[in-house]
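# Per-entry structural report
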Amino acid sequence: MYERYPRLIIEKFAIRNNTKQIVSWCDKAGIFVVGVIKGATGIPEVASEMVNGGVKMLASSRLEQLDRCKKRGIKIPMMMLRVPMLSEIPKMIEICDYSLNSEMTTINEINREVLSKCKEKHGIVLMADLGDLREGFINKEEIIDAAIKIEKKLDGVELKGIGTNLGCYGSVIPTEDKMKELKLLSEKIEESIGRKLEIVSGGATSSLMGVFDGYMDGINMLRIGAAIITGPYEDLNIIYGRKELDALQSPFTLEAEIIEIKKKPSYPIGKLGVDAFGKKGEYIDQGIRLRALIAVGRADYGDISSLIPTDENIKIIGASGDHTILDIEDSKNNYNIGDIIKFELKYSAILNLSSSENVARIYK
Ligand SMILES: *Cc1c(COP(=O)(O)O)cnc(C)c1O
């Protein structure tokens, strides 16, 4: 009876099955999958299921998450996804076998630290910015120069390959010409260092488009998080209409408890200013409606647009930090105080809920 709410239900087999499906798609295109764990705050149970599902490496933008996974006994190689801070290099070379990089200053420092501690060589993947304008060398000469320097001058690091990231800041789509551009760059670098690169990393979940449409020639790695943790609720499906992701499951569900049910007007009564977050609200007068208040709010999940009620006749009409207001007038269910409302989740809600101390986690 007295379970703890709100809670996040995590279906481990769904994580494993999603991973297996994505690994099998990528495998046919000659691509291996790196499991990106940051979207679910690096929860080791989630990371383990990615490993069970066949990822060859785990990656995160946060060292703490990779460290936790290692301490739980996960043995596969670890990759630092976010260009490392100088201040975290000593820790990074303890935890990670690979990192994505875009600054020679940082790479030189990694090299120095590895040599001074007599560690094994750290693997460097150089990031090329193909127009999304977040991290990476935007100048092709500069990345080729960096590759040659690492190859010829540095003994503490090893040039493992190159990669790119798209669809993060600039919302640039991983189209065929972008993948060709990366392949071409990898060939130029191979020519200038006189050997093959091990890794050509073509992006994240959005690059699955290229796998589905068969234009990933020359690419052999993808770094996938969102598709595994959101399944059919990934943007690829919701925004780009890629129905392939309907083959996946939705591993995370939010459960929250009803604390008030009342008929209320839909338009606020009084002189209107700003809401709990300092914004002017938009309210449509739909007359008196039956509404439920649930004990979960923006402090837990972020934004209401990232929640999808499993009762499709419920409408989320607003939220403050600790409350969410639902219109339940059209629902066929007869809700009572203490009942539990369930939501499927988009990426940002999983990110927030999995890191909240107010949200219990139940593994199934
Ligand atoms: C987050 C991230 C990924 C994974 O992206 P998803 O959309 O979750 O698959 C891959 N690469 C980098 C550099 C990232 O920061």
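Here's what I pulled together on the structure shown here. (Residues numbered from 1 in each chain as written. Predicted model: local features only at pLDDT ≥ 70, side-chain atom pairs only at ≥ 80, totals over all residues. Heavy atoms only, no water.)

## Brief notes about the layout of surface pockets
- Here the largest pocket defines a volume of roughly 1,000 Å³.
- Within the residue set of the lining of the largest pocket, elements represented by two or more residues are β10 (252-265), β11 (288-294), β13 (315-319) and β14 (324-327).
- With 5 residues, the single largest contributor to the lining of the largest pocket is β13.
- Considered class by class, the residues forming the lining of the largest pocket number 14 nonpolar, 7 polar and 11 charged.
- Surrounding the second largest pocket, 34 residues form its lining, G167, C168, A204, A226 and Y347 being those nearest its centre.
- When contributions to the lining of the second largest pocket are tallied by element, the ones reaching two or more residues are β9 (221-224), α9 (226-230), α10 (235-238) and α12 (347-354).
- Looking at the lining of the second largest pocket residue by residue, the classes come out as 16 nonpolar, 9 polar and 9 charged. (1 Å grid on protein atoms, 1.4 Å probe; cavity = no way out; pocket = protein on both sides within 12 Å on 5 of 7 lines; lining within 4 Å. Points joined across faces, edges and corners; volume = space filled by probe spheres on them. Helix = DSSP H or I, 4+ residues; strand = E, 2+ residues; numbered from the N terminus. Nonpolar A, V, L, I, M, F, W, Y, C, P; charged D, E, K, R; others polar.)

## Remarks on the site of the ligand
- Contacts to the ligand come from 13 residues, most closely from K38, T205, R223, G225 and A226.
- Within the contact set of the ligand, a nitrogen atom lies 3.4 Å away from a side-chain nitrogen or oxygen of N165.
- Across the complex, the protein chains shield 90% of the 390 Å² of accessible surface that the ligand would expose by itself. (Near = heavy atom within 4 Å. Polar contact = N/O pair within 3.5 Å; in protein donor to acceptor, adjacent residues only side chain to side chain. Areas by Shrake-Rupley, 256 points an atom, 1.4 Å probe, with all protein chains shown as cover.)

## So, the packing of aromatic side chains
- Per the counting criterion, the structure on display carries 2 aromatic pairs.
- Aromatic pair W25 and F212: ring centres 5.0 Å apart, planes at 90°, arrangement edge-to-face. Note that W25 is positioned in helix α1 (residues 12-28) and F212 in helix α8 (residues 208-213), a separation of 187 residues in sequence.
- We classify F212 as buried; its relative accessible area is 18%.
- Judged by centre distance (6.2 Å) and plane angle (85°), the rings of Y267 and Y283 are edge-to-face. Of this pair, Y267 sits in the loop between β10 and β11 while Y283 sits in the loop between β10 and β11; the two residues are 16 residues apart in sequence, bridging distant segments of the chain.
- Residue Y267 is classed as partly exposed on the basis of its relative accessible area of 36%.
- Looking at Y283, the relative accessible area reads 37%, which means it is partly exposed.
- The ring of F277 is capped by R298, whose NZ or CZ atom sits 3.7 Å from the centre of that ring. (Phe/Tyr/Trp six-rings, centres within 6.5 Å; stacked < 30°, edge-to-face > 60°. Buried < 20%, exposed > 50% of the residue type's maximum accessible area, 1.4 Å probe, protein only. Lys NZ or Arg CZ within 6 Å of the ring centre and 35° of its normal.)

## Quick word on the environment of N108
- Examined against the element boundaries, N108 turns out to sit in helix α5 (residues 104-116).
- Residues N108 and K315, 207 residues apart in the sequence, show an inter-C-alpha distance of 54 Å.

## Some details on a negative patch on the surface
- A grouping of E103, E141, E142 and D145 is seen on the molecular surface, where their side chains present a negatively charged patch.
- Residue position: E142 is located in helix α6 (residues 140-153). (Patch = residues over 30% accessible without salt bridge, like charges linked within 9 Å, V, L, I, M, F, W, Y side chains within 5 Å. Salt bridge = Lys/Arg side-chain N within 4 Å of Asp/Glu carboxyl O. Lys, Arg positive; Asp, Glu negative; His and termini not counted. Charge placed at Lys NZ, Arg CZ, Asp CG, Glu CD.)

## A look at the pattern of salt bridges
- Counted according to the given criterion, the structure contains 27 salt bridges.
- As a salt-bridge pair, K183 and E187 come within 3.3 Å of each other at their nearest N and O atoms. Residue K183 and its partner E187 are both found in helix α7 (residues 176-193); the two are separated by 4 residues, about one turn of the helix.
- Ionic pairing is found between R289 and D330, a salt bridge with its closest N-O pair at 3.1 Å.

## Describing empty space enclosed by the protein
- Inspection of every chain in the model, using the stated rule, returns 1 cavity of 30 Å³ or more.
- For the largest cavity, the full set of lining residues is E260, K264, R291, A292, L293 and I325.
- Secondary-structure elements contributing two or more residues to the lining of the largest cavity are β10 and β11.
- It is β11 that provides the largest number of residues to the lining of the largest cavity, a total of 3 residues.
- Taken together, the residues of the lining of the largest cavity break down into 3 nonpolar, no polar and 3 charged.

## As for the nonpolar core
- Ranked by size, the top nonpolar core spans 92 residues in total, and within it I22, L58, L126, I189, L208, F252 and L345 carry the most contacts.
- Not counting the four nearest positions on each side in its chain, L208 is found in contact with I22, C26, L222, I224, A227 and L236.
- Ranked by size, the runner-up nonpolar core spans 12 residues in total, among them M57, L100, M127 and I199. (Core = buried A, V, L, I, M, F, W, Y, C linked by side-chain atoms within 4.5 Å. Contact = heavy atoms within 4.5 Å.)

## Describing the packing of α1 against helix α2 (residues 44-52)
- Interhelical geometry of α1 versus α2 gives an angle of 40° and a closest axis separation of 8 Å. By the angle between their directions, the pair α1 and α2 is classed as oblique. For the pair α1 and α2, the crossing hand works out as right-handed. Facing α1, whose interface residues are K12, I15, R16, T19 and K20, α2 presents E45, V46, E49, M50 and N52.
- Taken together, the residues of the contact of α1 with α2 break down into 3 nonpolar, 2 polar and 5 charged. (Axes fitted to C-alpha atoms, helices over the stretch in contact; angles between N-to-C directions. Parallel < 35°, antiparallel > 145°, perpendicular 65-115°, else oblique. Left-handed = near helix turned anticlockwise from the far one by under 90°.)

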